[in-house]
Each structure stands twice: as structure tokens, then as C-alpha cells.
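Inside the fold
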There are 2 protein chains.
Amino acid sequence: MATLADIGVSALINILGAFAFLLAFALLRIQPINDRVYFPKWYIAGKRTSPRNWGGVVGKFVNLNIKTYLTFLNWMPQALKMSESEIINHAGLDSAVFLRIYILGLKIFGPIAIAALLLLIPVNVSDGTLFFLRRDLVVSEIDKLSISNVRPKSNKFFVHISMEYLFTFWVCYMLYKEYDRVASMRLNFLASQGRRAEQFTVLVRNVPHVSGRSISDSVETFFQKNHPDRYLCHQAVYDANKFARLVRKRNRLQNWLDYNQLKFERHPDKRPTTKRGFLGLWGERVDSIDYYKERIKDFDKKLTMERQKILKDPKTVTPAAFVSFNSRWGAAVCAQTQQSKNPTLWLTSWAPEPRDVYWKNLAIPFVSLSIRKLVISLSVFALVFFYMIPIAFVQSLANLEGLEKVAPFLRPLIEWSFIKSFLQGFLPGLALKIFLYVLPAILMIMSKIEGHVAVSQLERRTAAKYYYFMLVNVFLGSIVTGTAFQQLHAFVHQPPAQIPRNIGVSIPMKATFFITYIMVDGWAGIAGEILRLKPLVIFHLKNMFIVKTERDLEKAMDPGGVDFPETLPSLQLYFLLGIVYMVVTPILLPFILVFFAFAFFVYRHQVINVYNQQYESAAAFWPHVHGRIIASLLISQLLLMGLLSTKKAANSTPLLVVLPVLTLTFHKYCKNRFEPAFRKYPLEEAMSKDTQDRASESDIDLKSYLADAYLHPIFHSFEEVELVEVRVDKNQAHVPSSSPSELSSPSPQHTYHHEDEPSHIVQHYEVEPNHTMYQYEAESASDVYRYEYAAEQHYQYYHY
Amino acid sequence: MATLADIGVSALINILGAFAFLLAFALLRIQPINDRVYFPKWYIAGKRTSPRNWGGVVGKFVNLNIKTYLTFLNWMPQALKMSESEIINHAGLDSAVFLRIYILGLKIFGPIAIAALLLLIPVNVSDGTLFFLRRDLVVSEIDKLSISNVRPKSNKFFVHISMEYLFTFWVCYMLYKEYDRVASMRLNFLASQGRRAEQFTVLVRNVPHVSGRSISDSVETFFQKNHPDRYLCHQAVYDANKFARLVRKRNRLQNWLDYNQLKFERHPDKRPTTKRGFLGLWGERVDSIDYYKERIKDFDKKLTMERQKILKDPKTVTPAAFVSFNSRWGAAVCAQTQQSKNPTLWLTSWAPEPRDVYWKNLAIPFVSLSIRKLVISLSVFALVFFYMIPIAFVQSLANLEGLEKVAPFLRPLIEWSFIKSFLQGFLPGLALKIFLYVLPAILMIMSKIEGHVAVSQLERRTAAKYYYFMLVNVFLGSIVTGTAFQQLHAFVHQPPAQIPRNIGVSIPMKATFFITYIMVDGWAGIAGEILRLKPLVIFHLKNMFIVKTERDLEKAMDPGGVDFPETLPSLQLYFLLGIVYMVVTPILLPFILVFFAFAFFVYRHQVINVYNQQYESAAAFWPHVHGRIIASLLISQLLLMGLLSTKKAANSTPLLVVLPVLTLTFHKYCKNRFEPAFRKYPLEEAMSKDTQDRASESDIDLKSYLADAYLHPIFHSFEEVELVEVRVDKNQAHVPSSSPSELSSPSPQHTYHHEDEPSHIVQHYEVEPNHTMYQYEAESASDVYRYEYAAEQHYQYYHY
């Protein structure tokens, strides 16, 4: 049990640690050599093309300007300079709303902390039950400030109950305001967007197979019949894993060719050579440029054949399609209505952004989807409650005696003292560490198996799973001793009324633990986030060993987006801690406030300078954030009831029963009031945007605009890549381009008409085909975790 | 504890009782005087106009044909003669699907009963644990056939578990087939219907108030803007309670006038007279016909003024409207999509049938609706678990000592021995009896407060509430002793794993009780249903004292529809009993089979000859039936797990854990697969119906057809009534009618164009305006229970 002084020391250490991180960051970020690690967003946005230079060869790598060292903390005010609307333009609505969560934390816990510290702590201290007990025996000094200090049966519990009411109302009020604000931000954002393919497009899944008819035919007939004046065109979805693998290999060869050509340009006297064998390590020595050119030619032939095969073979067309309409109204109608008598066929939903589509899951049939959901729910349950079993097994193996029994032939090795001490000291913890490290990846795989069709959705579902894991294993697991499995067993064999009592009674005792947790995981973790130590090291390592061409440099630089699957759940855990402890041990609140404030600064800086979102979901995660804060309120109320009932405050506890009912009603109301804004597209909006469009741009060829918006990655093959590149360059110079790319593809037209649109849309559509292509490749190769291939995405057609 | 012989005697008594009822029914039904009680449907359908007559004055009242007495059980084969499709035409899909529930019961429990009796009973009997115990001490002979007879830790439990699996799969298979069939019946039924107003109409609620604009204006503008090519017209909803009261009074006067005119026609020599005073008991004696004519004239003036007031005053327009579209497609789209940015405004849903609308709830705003739902949920919970508290209070008053204390002045009266014995014997039970009798009415009021907008929906919600009540107070209440409140207390203070164990262990013991319950409530109850003793008595009483005109006779005759709020829950209770006992005490199954078979005959007869549905919901109740049978399966599985765990069958019980998960998955799949057919109208269907229509009838004036389909009852006032009557008569003679009723109403046109449509639609629309009118009146008068005014509905324009 920690005393106040212990907490103070711990706080000091953590503050110093965080400060050291910040100092390191401040020094590292102004070195030109690290510029691409700390400011990649500016490179990607095309506003910076090379690191700032302080003159000379050394100045290229090290910052020689001493003045900049003196103002090393100026990133904080800088991070605040951008207004919210600028952030939305700069980084998208997702990032802007993500930052609002921290502000919401401050808004919720600021007033609560003041009220709790001024009102509750005096009430708690004044009673002083615990002063009678021996100080170092069961209680810490923190407990004297908590509800534990109040005498059983005391009337003072009425103060706590009324505070719980007051705080709940305050939280709900802030939540309501914020939900309202975010919903209207979302609608405004969607309304302010220019013409975008996803506004006109609906994803249709489970297209029925009719014998003697192709999927494309079926889709065409069905929508021409049932949406006669609105249907425009559709784009088939091909199953092209093998082709994608070939394209990826070819691109690697292309990269080697570029590298060798660059090398040759720099040293025209010496033609680079390579060996034919594995990894260029042995075999006949040949001219590199010729060799790669030749191999690329081979690949091109293979690719052409493979593509022909896919296009001709009806089996490669999956029973899904992107159906486009001639108005937003038509798409909104189709996405929200049931199409067919059999509600498991012709399932329509809003198409995700083209770059957000997760192509692999488009073809999953309805029955399989139901089974997948069941299997994954069971697996997540098992993972949350029984993950300790395999880990304990591995740990038992790591136990030396066990290991010797299992593998007696290892005995001489194990008996060697160095190996022995290594195994004993390191192995047992290793299994758990490895598990926790790969956990997000495992959860992401699970979400993928579940069959969601958009990357954004996958990330949200992964975040939900991670939250359940944290709730059970971090929150409950810290409060109730024993593994989650033991808890589950106890829960099933305890009266329901006993559970909140058992948990509630240990809540105040764990306050010091959670304070330390907030400081270590929250404060230091956030400071680590801004330092970006891992990306920094990896970037420089890659720069030394792998980066050969400009394309590789971009690849090494890519920062990825906000890591929603990990940050959202931990953020929600902090809300849970704050809400549970706001009445019980209010001294915890200032620590949470510091976390929210600090994290806000850091993430604002990161959003502005570092992250590059892979998709824009227009704050689709907000209902989850809202729902989990509501769940935190309910947990807090239940636990307080349990805690009070152990305090024999029987006459005051029933007063609390009303609160969960009110909270749930509030939640239900908010759900009805705001959630449709995140799920549906109101016809009123669609119609007014359509009317606006018709008024401003009278005759635009929507069909050709939409024709290849959701083009399957297969069509962005090697040949086109060149064409797109050319056209993009033309667009840059604002020269109208109309050269159609003649392709043997079934989709009607492949001309780009960017010249008709505002420039920011041009930018979007220039980039997009490559996005989808490389995303697809990466996914078909290794399905493990998209953060591993995020780096692959931006290496070709950004104009720097 | 009952022996097998006891059960046999009880069965015999009940069978004899049921047989006596049947005999009485057989005798009563062939008496001409009872014809309108036992065959009202044929009168309402217009296929019978007066009772069969066996000659002479006596033959008018008593059946003199002896032959018909010999064939007195021939109603059973007669009831089976009609095919299902004929029943659908004759009585609607609701009734046909209602009958299918009984068939489903037979299909489910027939094979299960055979398998259980052949396999499980030998297994149970062979073990014979209970033979060692003293026979009359704790166990009945029934128990020897049940699972109780199996030795603890026996491996025979594997037989029970595999049977539970087998039966569950069988039930699910039958449920799946039935859901599939009902869903397609529903779609076919909807597709086979002719043009009906509800197909083109959407109910819009929560129309926002814009200052300086009327609701009608807002609706017109909004839909013209957002559904430009499809919007046709709309009909406002008026708040007209006072007006309806006046109309009702006027109709009563009209009835008196008719009566007096009839009297005068029969005896032209004597002009009827009446007194001016209260109820015609005193005051000046005047000529009746003149008097009533004069009073009606007065009323007409008042009504005209009141109507003018309502039409002019914008405050009487409620923020709801029926919006009609020019195609089913347009209506389907509008009903399924979100209209406005604010999802609590412009709420659209399918319009119920005109005669199904519950007008009073149309104007409830969104926030109020949320609060109402919360309040009613809490009330239902309180009612289910705490209803014994007020009843116990009343009973304690009925306790004589208590009564004397509360009201000492009553002492002399109470001490009188007759009163004393009456009070002691009768009063305590009376409170409970009265409560159970009015319970459906109370639940209906609750559903009305909840704010549902269709009568069919009100009945479904009432049925749900009644089911919860029966589940807790009949099923659980009989198994676990003590009141529901005590059970609730025990549940909260017991480990969750203990609850199924506690209930499960007493399940086999209660088998005899439930067998008796099935015989008394099921067998005898159904026989009572066919006898229709209450309607018989009431009809003859009314005939003697109240009936003055033909209109009154119709009123007295009206049989109402199937009483869904009471029959569905008790039906579901029988499913629950059968499913819970199928593995535990299979001897109960034959009793349930007899119930289903018998009830099927009786209800088939009633549906054909008696009931007259007030609305057609196209089997909208099916998802509830399906869901509750699934719930029964889950309850059965849980209780079996509990039961087995008390039998120390620890090695077999875990095998059962998978079953609830599988059952839930099946339910979820069915929900996704079939439920949309009951909630949404697929665009494919709508479009094909629209195309059909356009092909068959090229130019129909849809606007005028729809203009007054959802006319608010206010417009069907006294003046129109006459006009409609005239037109209806004209239609009968197939003479085109085109006399427009010129009214000072805002709705554009009021002509009837029935001559363009097939005759069965004519019939529908002829009747409907009056329907809505009288329904409205009745509801605005006394809100208690719609069965009380159901009798009011058909007294004017059916053509018999």
C-alpha cells in the first residue's frame, strides 16, 4: 500500500521520464535527417519536398542553428495554432473528432474534479474511520481521502449519492452536447464534400447466381428494372489474388530496375551488374539493367495472360458489385431499402470510400457471414476469458523442470548455467509479452474473418474487441485478483447482487494502482508516442540498408494513421477509470486530467505533422465512443451500489437504483436522436446536394466519372500505371487530358475527366487508383495486419 | 401427489365436461334463434340474411327437424372442408396463419411424443430409483416415468441429452419450414391484393412546426421537394375528440328516430310519443318522430359549426399526416428511408390499413414516446413482479378482523353471520379474480399509452405483455413456490448457476400439476370457447331489452375477431410446457397433443362461422410466435442443465452448453432471413406490382382514389353518411356513381370511383369510411378496451 509520498515520488519519476522524452523529441525533431520521421504529413501533402537545410554537408543531417535549440518546446503552441476547420481540411474529420475526445475528457472531468476535490474529500477526511487502524497494515494514505474513510451507516453517503447523480447528469449533458456537435460536424462535412464516387454508389452483395447468366448481366437487369430512372452503371468485383501476387513481384523488379538505372546515371562509366541466382548471390553475372528489363518483359506477358484469363472466366467474378446511380438521392434510396423478396439476396449498403474497401470480404455469402460472426464471437469470448491457459502452458514449459521432462535430450544444454539463468529469468514473461504485443494483430485477423467490407469498419470492430479485453483483463482483472477465467467462474457461482459488492468493495483499495497505471501507461506512453522512437529507428535502418530509390524512401517514411484499434480502447479505459473513481477516490481525477491535456497536445501535434489517414470515415467511430462512456457510467453506478451496500448504507442505496434506468433511457434517446446520422444518409440532404449540383454544373458526364471509381485493382495493372502517371502530370499542369486508355476490359470507358472538377478532387482521384492497387496487393499477400503494409502505399505517384 | 389413477379420473372428468359442452353446443347451434350467435360471419359476409326456418311460428325459434339432431357432431368434418386458400379469402390471412400455429404444435409435438414415449419412458422406468422410496411419501407414479426415476450419475442421461439435441433440431427444422411458409404466404397475400390505399401511403409523424406555416403546407413542400416525381397528395390528421362525441350522440338520436319510424310503419294508426325529460321518463309528452327529427336538426347545426371550427383552427391539425405516392415503389422508398437530418423529425413508416389506424396516438412527439416507453416498461415489470402487493392488501382488508379495524362502524353488519360467511368465503379470492379478469384490459391501456399507432400493433404488444405475465406468474410461479416478488428476490440473491438448478429440480415434480392445468384450462377452456356461452346470453338479453332496429341487431350480433391478446400468450405457454417437459416427463406430451388437435377443430370452426376480424395485418404476429418458441427452447435447455447438474451428471452436462448457442444462432439466422418480410416491403415486389397495374389499367385516377382513403373520421360526418349510403347502393346495382360530395374541407376531392375496380375492393372501400368513423368514436369515448366497442362497428352498411 502506497503512501502519499510514494505516489509523489512515482509521479515525479514519471514526470521526469516524460520530460526526458519530450526533450529528446525536441532535439531530434529539428535535425534535418529526422525531418521525414517527424513531419511526414507535410511531405505527403506535397508542401515539403526535402528537409530544411542549414548549409553544408553536415547541415544536411544535423541542425546547426543554435537558435532553434532554445525554442525547443515551441511545438506545443504550434500544435494549437491550427483551427479545427483547418485540421479537418488538413487531416480529415476522423482526426479532428479524435482530438475532440480528449477535449471531451477535459470538459467532463475538469468540473467534476473541482467539485469532487472541494466537496467530497473534506467529507471523506472528516470522518476518519481509518485513522484508528494501524497505518501500514491495510490502508494507504490515499484511502483516507476516499470513501473508505467514511464510517459505515454514516449519513454522509447521501453526499456521495447526490454527487453520483450530479456527475452522471453532467457527463450525460456533455455527452449529449458532444454527440449533437459531432453529428452535425459529420453532416456538414459530408455536405461540404465535392462530388465523390461513394455518394453515388451502393455496394451490392449476395447477387444470386442465375444459370446461363453472368453476374454482371443479373446486376444490370435487376437494377434497370427496379431503379429504372436512377440506375447508371455498375462495376464488377473480380477475385484476382494470383494476379495481384504477380503484379507485386513485377513491381519489385521495377524497383530494382529503377535503382540500377539511377546507379548508372550517377556513375555512367560503370554499368551495374548482378548475378542470375537466388537473391543475386550466385550464378552467371549479367548486366543489371538489361536483366531486369528482360525479366519485366517476361512478367508483363504473364500478367497479360493472367488478366485475360480472369476477365474471360466467369468464375472469377464474385457475386458482389458496386452499383452507381445518377443522383445521390437514388443511391441513398437503394442503400436504405430492401431490394428483393429474399432478404438475404441483393443486400445493399453504402459503398465505402474506394480507398477504404477491403476487397477480400466482398464475396462472402450470407450464411457464411452468420456462421463467421458466431464463431468469432465465441473466439473473442474465449480469448478474453481463457487467454491465460495457453500462456500458462507455455510458461509451464519454460519452467526448467517441465522442459527437461518434455525434452530430456535438451538436458545438457539446459544445465549450462548461462542458458539456465536466461531461461529462468526471461522465458516465463516472454510468452505473455509476445501475446500482448501481437494481440491487436490477432484481433484484426478475427475482424477480417468476421467479414467486414471496409478497412474503417475492421478497425472499429478490432477496437471493440480490444476494449472488451482491456475491460476484463486490465480493469476487472486488476480489481479482482485472479485470472479472467477465475473471475468468470466466480461470477457464475455468485449471486448477481454479490458481484458488484465484491468488486465494489475492492475498488477504493486499487486507486493507488490505477494512479500508477495512469502515470506509466498514460503519461509516459504519450510522451513515447511523440518521440516515435520505433519509426525513427526503423526509418534510419531502412534508409541505410533498403532504400534504393525515391519510391523506397516514401515507403520508409509513411507514418500510417491514428492507430484507432489501440488508442480508442485505451482512451475509453481512462474514461472508465475516471468515472468509476470520481465519487470513490476523487484524488485520481487530476492524474486523468493531466493525461487528457498532455495527450491532446501530443496528438494534435501528431495529427498536424505526422499521421496520414488511409481512409476517411467521417467520425463513424463516435457512436462507439459515446456508448462506451455510457457503459462506464453504468459500471460506476453498479459498483457504487455494491460498495455502499457493504458499507451498510442500506437506507441510502435504493436511491441509486433509479440512476442506471435514467442513464439507459438517455442512451436510448441519444441512439435514436443521433445514431441515424452515422448510419443513414437523409433524403433531404441527398436531394439538396443533387439540386445544388444540377444548378452549378449543368452537364457533367457522371457515367464516365463513375465508370472506374470503384475499378477493381486488377485493372490498374502495369500498363495503365504508366498511362495514369502521364495523365496525372498533365492534370498538374491544368492541361485538359482526354486520351482514353484502350483496354481489353469489360468496363465501358476509362477516360479521366478530372479537368471538370475542383482541384482537391483531382488530387483525390489521381491518387486513388494506386491506393487501391497497392492495398489490395498487400492484403492478398499477408493478411496479418494492415499496419505492416501501410508503409507500402504511398510510394509512387505523390508529386514531390 | 397424484397417482396415475388420479390423473386418469381427472382426465375423465375433463373429457366428460368438454363433451357436455360439445353436446350443448351441438344442440344450441342448430336452433334458429341462436343462428346469429353461432354463425354471425355468414351474416356479415352477406351470405345469410335470416335464420333457417323449420316452418311455423315455433320453427322460427326452435329446430323441429329431428334429423339434424342425429348428426349433431357434423360440425367437425364441416370445419375441415374449407381449404386454406378459401379460409384466406373468407376470413383473411391473420386467421389462416393463426390456425397454422395449432398445426405447427401438432407437427412439432407429434413425432416428439412418439419418440419420447418409445425411447425415453423405457429408459426412465428401467432404472427404478424411486421404487425404493415409499410410494405415497414424496413421489407420484408419474414421476416413475420421468427423468427423476433415473439414478444420479447414471450414464442414461446421455440418452436424455441426445434426445434434447434431437428434439431441438426437430423443433428448429419445423420452425424454419413454417417461418419460410408463412413469410411466402404473407408476400403472396400482399401481392395478390388489389389496389389498396395502404400500399401507396406512408404515415409521417413528428412534422416540425414552422412558424407562419400550416402543417399541411410543410408536408406538401417537404415531399414535393424530396420526392418530386412520386409524391401525390396527403391527408391531414385532425384532433377532433369533441366532434366525435357529438357525432356519437347524434347517431344515438338517429337510432331512436329509426325505431320510432319502424314502429309507426307497423302500426300506422298510432303515432309513437315520447317525453321530453331525462331518458324519456318525465316532461311534456310529444310526438316521437317529430321530436327526434327536430333534435337531430339541432345537432346537425352544432356539428356543422364544430366542424368548421376544427377545419379553420390550425391548432386542431396534429403534426402527423398520411402521405400518398403515385406508385407503390415511391411509398416503399419513403417508408424505408430517413427523410431529414434530424432523425426525430419526419418519421415515416408504412401506413396501417385505414380501419387499423389508432388515431389518438398519431400526434405523440418523439421525446414523449421515449418517456412513455420507459414508463410503461417499468410499469409492466412492476405489474408482473409486484401485482400481488395491492391484491394482498385488498385481501388483508377482506380479512374480517382487518376490515373491522379499518371501518369499525361496519362491525354490526359484519357480525351478521350470513354476511360474515359470504365475506370470508368469497372476498379474499374476489380481488385476485377481478384482477385477472381485467388484466388484459389493463395491459391494453398500457400499450395504448406506449403510443402504438395501429390496433394490430396494440394487440401484439398487449399479447407480449400478457405472455411475460404468464411466464413469470403461471409457469415459474407454479414451479417455484412463492410470489413472483419472492422469486425475483431469490434470483438476485442466488448465483446465476444456482437458478436453473433450483427451478430444474422441481420441474419433474410439477408435471402432474401442469397435466391438470392443460386439461382444465386447455381442454375445457376450448370447449367453452365453442359454446360461446357469454355471447349467447348477452345476445339474447340484448335482443330482449335493447335491440330496437336492424342496426341494433347487427350491433348485438357482432362476434369480434380472434382474441389475439389472450389466445396467443396461452398458446405460447402450451408450447413452453411441451418443450420443457418433452425430455423431462414425456407423458405430458399426449395431453398437449389433444389440446392442439381439439383447439384446431374448434378455432377452425369459429374462424369459418363466427369471428369477424377488425383488421388484416397479414400475419404480422408470426415473428413473435417464432421468437417465443425459440425462447421456450432456451428455457428448456437451461432448466435441463440445472436438473442434470443436481443429478450429479457432471460429465454429461457440459455437452448441453453448445445447444443454447446453436439455438440462438438459428434464431438470429431466421431473423435475418425472414423477418424483413414482416417489416419491409421489397422494392422488387413494389416495382412488379406497379408494372402489372400500369399494364392492366392504363389510366386510373389514383389521386382521387387515394384522396379520402385515410380521410380523418371527422369528414365522415352526418351529411356524408347519407351520401355514402346512396353511393353504396348504387354500386350494388353496378350503376356508375359520380356525384361528388361538395364539402368545405381542404382535401382536394371527394368523389368515389369504385366503379373502376374489381368488386372485392369495392366492398372494402364501401365499408371502410364507416369503420374508421365508428372506431374513432368508440375510442375517443372510452379508451378501456377495444372489444367493448367492436360490437359497434358493423351496424350500418353491410349488405345483408
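Model, not experiment: these values are computed from the prediction. (Residues numbered from 1 in each chain as written. Chains lettered and ligands numbered in written order. Predicted model: local features only at pLDDT ≥ 70, side-chain atom pairs only at ≥ 80, totals over all residues. Heavy atoms only, no water.)

As a further point, take the overall build of chain A. Helices and strands together make up the secondary structure of chain A, namely 36 helices and 6 strands. Here chain A holds 800 residues, and the buried ones make up 56% of them. For chain A, restricting intrachain contacts to residue pairs at least 6 apart in sequence, the fraction spanning at least 24 positions comes to 81%. Just so you have it, chain A exposes about 34100 Å², and 64% of that area is on carbon and sulfur atoms. (Helix = DSSP H or I, 4+ residues; strand = E, 2+ residues; numbered from the N terminus. Buried < 20%, exposed > 50% of the residue type's maximum accessible area, 1.4 Å probe, protein only. Contact = heavy atoms within 4.5 Å. Areas by Shrake-Rupley, 256 points an atom, 1.4 Å probe, with all protein chains shown as cover.)

A few words on the sheet that holds strand β2 (residues 231-238) of chain B. All names here are of chain B. Read across the sheet, 4 strands follow the order β2-β5-β1-β6 without closing on themselves; strand pairing throughout is antiparallel. At either end of the open sheet lies a strand with only one pairing partner, and these are β2 and β6 (347-350). With strand direction ignored, the average angle separating the axes of adjacent strands in the sheet is 30°. With 4 bridges connecting them, strand β1 (residues 201-205) and β6 associate as antiparallel partners. Opposite V204, over in β6, you have T348 as the bridge partner. (Pairing = 2+ DSSP bridges. Axes fitted to C-alpha atoms, helices over the stretch in contact; angles between N-to-C directions.)

Note: interface size is frequently given as the accessible area lost on complex formation between the parts. With 46 residues of chain B at the interface, the matching set in chain A holds 46 residues. Taken together, both faces of the contact between chain B and chain A bury some 4000 Å²; the carbon and sulfur share is 64%. By the criterion of area lost to chain A, the three top residues of chain B are Q338(B), K341(B) and E684(B), representing 16% of everything that side buries. Inspection of the chain B/chain A interface yields 2 salt bridges. With a closest N to O distance of 3.7 Å, K341(A) and E685(B) form a salt bridge. Where chain B meets chain A, there are 12 residue pairs in polar contact (both at pLDDT 80 or more). Of the residues belonging to the side of chain B that touches chain A, the class tally is 24 nonpolar, 15 polar and 7 charged. (Buried area = accessible area lost by both parts, 1.4 Å probe. Salt bridge = Lys/Arg side-chain N within 4 Å of Asp/Glu carboxyl O. Polar contact = N/O pair within 3.5 Å; in protein donor to acceptor, adjacent residues only side chain to side chain. Nonpolar A, V, L, I, M, F, W, Y, C, P; charged D, E, K, R; others polar.)

This next bit is on the UniProt feature "transmembrane region" (unreviewed entry) in chain A. Residues and elements named next belong to chain A. Using the residue numbers shown here, the UniProt feature "transmembrane region" (unreviewed entry) corresponds to residues 6-28, 101-123, 157-176, 374-398, 418-445, 466-485 and 573-604. Counting secondary structure, residues 157-176 comes out at 100% helix and 0% strand; the distance between its end C-alpha atoms is 28 Å. The distance from the first to the last C-alpha atom of residues 573-604 is 20 Å, and the span holds 88% helix and 0% strand. (UniProt positions renumbered as here; feature names shortened; annotations may be inferred.)

With that out of the way, let us pick up the relation of the copies chain B and chain A. Rotating chain B by 180° and moving it 0.1 Å along the rotation axis overlays it on chain A with an RMSD of 0.2 Å. What the superposition gives is, in effect, a two-fold axis relating one chain to the other. A high fraction, 100%, of the interface residues of chain B reappear at the interface in chain A, so the copies pair face to face through one surface. (Least-squares fit on C-alpha atoms with pLDDT ≥ 70 in both.)

With that settled, the discussion passes to the domain arrangement of chain A. Residue and element names in this part refer to chain A. Domain parsing of chain A yields domain 1 (4-30 + 72-193 + 370-679) and domain 2 (197-352 + 701-722 + 732-769). Of the residues lining the interface, 10 residues belong to domain 1; the matching set on domain 2 comes to 12 residues. Buried area between domain 1 and domain 2, summed over both chains or domains, comes out near 900 Å², and the portion from carbon and sulfur atoms is 52%. Inspection of the domain 1/domain 2 interface yields 0 residue pairs in polar contact (both at pLDDT 80 or more). Residue composition of the side of domain 1 that touches domain 2, grouped by class: 3 nonpolar, 3 polar and 4 charged. (Domains from an automatic or database assignment.)

Going through the model one piece at a time under the given rule, you end up with 28 salt bridges over all chains. The partner of R355(A) in a salt bridge is E353(A), with the nearest N and O atoms 3.3 Å apart. On the accessibility criterion, R355(A) (17% relative accessible area) is buried. With its nearest N and O atoms 2.7 Å apart, the salt bridge here joins K465(B) to E450(B).

Residues and elements named next belong to chain A. Relative to each other, helix α15 (residues 328-336) and helix α32 (residues 683-696) sit at 160°, their axes nearing to 8 Å. Compared by their axis directions, α15 and α32 come out roughly antiparallel. For the pair α15 and α32, contact is made by R328, W329, A332 and V333 and by L683, A686, M687, K689, D690 and D693, respectively. When its residues are assigned to classes, the contact of α15 with α32 shows 6 nonpolar, no polar and 4 charged. (Parallel < 35°, antiparallel > 145°, perpendicular 65-115°, else oblique.)

A separate point is the sheet that holds strand β1 (residues 201-205) of chain A. All names here are of chain A. Spatially, 4 strands are ordered β2-β5-β1-β6 in an open sheet, and the strand pairing comes out antiparallel. If you trace the sheet from one side to the other, it starts and ends with β2 (231-238) and β6 (347-350), each paired once. Each adjacent strand pair in this sheet contributes to an overall mean axis angle of 30°, direction not counted. Contacting β1, β5 (317-325) and β6, α15 runs over the sheet at an angle of about 130° to β6.

All names here are of chain B. Between helix α20 (residues 455-479) and helix α26 (residues 564-584), the least distance of the axes is 8 Å, while the angle of their chain directions is 40°. Judged by the inter-axis angle, α20 sits oblique to α26. Where α20 crosses over α26, the two elements pack in a sense that is right-handed. Contacts between α20 and α26 involve E459, T462, A463, Y466, Y467, M470, L471, V474 and F475 from the first element and F564, P565, E566, P569, S570, Q572, L573, L576, L577 and V580 from the second. (Left-handed = near helix turned anticlockwise from the far one by under 90°.)

Let us now look at the nonpolar core. Nonpolar side chains in soluble globular proteins tend to be buried together. Residues F98(A), F475(A), F595(A) and W622(A) are the most contacted members of the largest nonpolar core, which totals 150 residues. If sequence neighbours within four positions are ignored, F475(A) has contacts with M470(A), I507(A), F514(A), L573(A), L576(A), L577(A), V580(A), I635(A) and L639(A). (Core = buried A, V, L, I, M, F, W, Y, C linked by side-chain atoms within 4.5 Å.)

All names here are of chain B. Counting through the fold element by element, E353 comes out in the loop between β6 and α15 (366-386). The exposure class of E353 is buried, given its relative accessible area of 4%. A distance of 2.7 Å separates a polar atom in the side chain of E353 from a polar atom in the side chain of R196. Discounting residues that sit within four places of it in the chain, E353 has contacts with R196, E198, Y615, E616 and Y710.

This paragraph deals with the environment of S456(A). Residues and elements named next belong to chain A. Note that S456 resides in helix α21 (residues 455-479). On a C-alpha basis, the gap between S456 and F564 in space is 9.3 Å, while along the polypeptide they are 108 residues apart. With residues up to four places along the chain from it excluded, the contact list for S456 reads D356, Y615 and S617.

All names here are of chain B. Secondary-structure assignment places H452 in the loop between α19 (417-450) and α20. Assessed through its relative accessible area of 9%, H452 is described here as buried. Separated by 93 residues in sequence, H452 and W359 place their C-alpha atoms 9.8 Å apart. Separated by 3.3 Å, the side chains of H452 and E450 make a polar contact.

The geometry of two aromatic rings is summed up by the distance between their centres and the angle between their planes. One pass over the structure, following the stated rule, counts 80 aromatic pairs over all chains. When the ring of Y102(A) is compared with that of Y603(A), the centres are 5.5 Å apart and the planes differ by 20°; the resulting orientation is stacked. Within this pair, whereas Y102(A) is found in helix α8 (residues 93-127), its partner Y603(A) is found in helix α28 (residues 589-609), the two being separated by 501 residues in sequence. Looking at Y603(A), the relative accessible area reads 5%, which means it is buried. Aromatic side chains F223(B) and W346(B) sit 5.8 Å apart centroid to centroid with 80° between the ring planes, which places their arrangement in the edge-to-face category. With a gap of 123 residues between them, F223(B) in helix α11 (residues 215-226) and W346(B) in the loop between α14 (328-336) and β6 connect regions that are remote in the sequence. The class of F223(B) is buried, set by a relative accessible area of 0%. The buried category is assigned to W346(B), whose relative accessible area is 7%. (Phe/Tyr/Trp six-rings, centres within 6.5 Å; stacked < 30°, edge-to-face > 60°.)

Glancing now at a nonpolar patch on the surface. A contiguous nonpolar surface patch, about 540 Å² in accessible area, is contributed by L533(A), V537(A), L541(A), M544(A) and F545(A). When you line up the elements, V537(A) lands in helix α25 (residues 533-545). (Patch = residues over 30% accessible without salt bridge, like charges linked within 9 Å, V, L, I, M, F, W, Y side chains within 5 Å.)

Let us now look at the pairing of β1(B). All names here are of chain B. With 5 of its 5 residues buried, β1 lies for the most part within the structure. Pairing between β1 and strand β5 (residues 317-325): 5 bridges, direction antiparallel. Counterpart to V204 in the pairing with β5 is A321.

With that out of the way, let us pick up a positive patch on the surface. All names here are of chain A. On the surface, R245, K249, R252, R295 and K302 cluster together into a patch of positive charge. Mapped by element, the contributors of at least two residues to the positive patch are α13 (241-266) and α14 (288-312). Relative to the helices and strands, R295 resides in helix α14. Classification of R295 as partly exposed rests on a relative accessible area of 34%. (Lys, Arg positive; Asp, Glu negative; His and termini not counted. Charge placed at Lys NZ, Arg CZ, Asp CG, Glu CD.)

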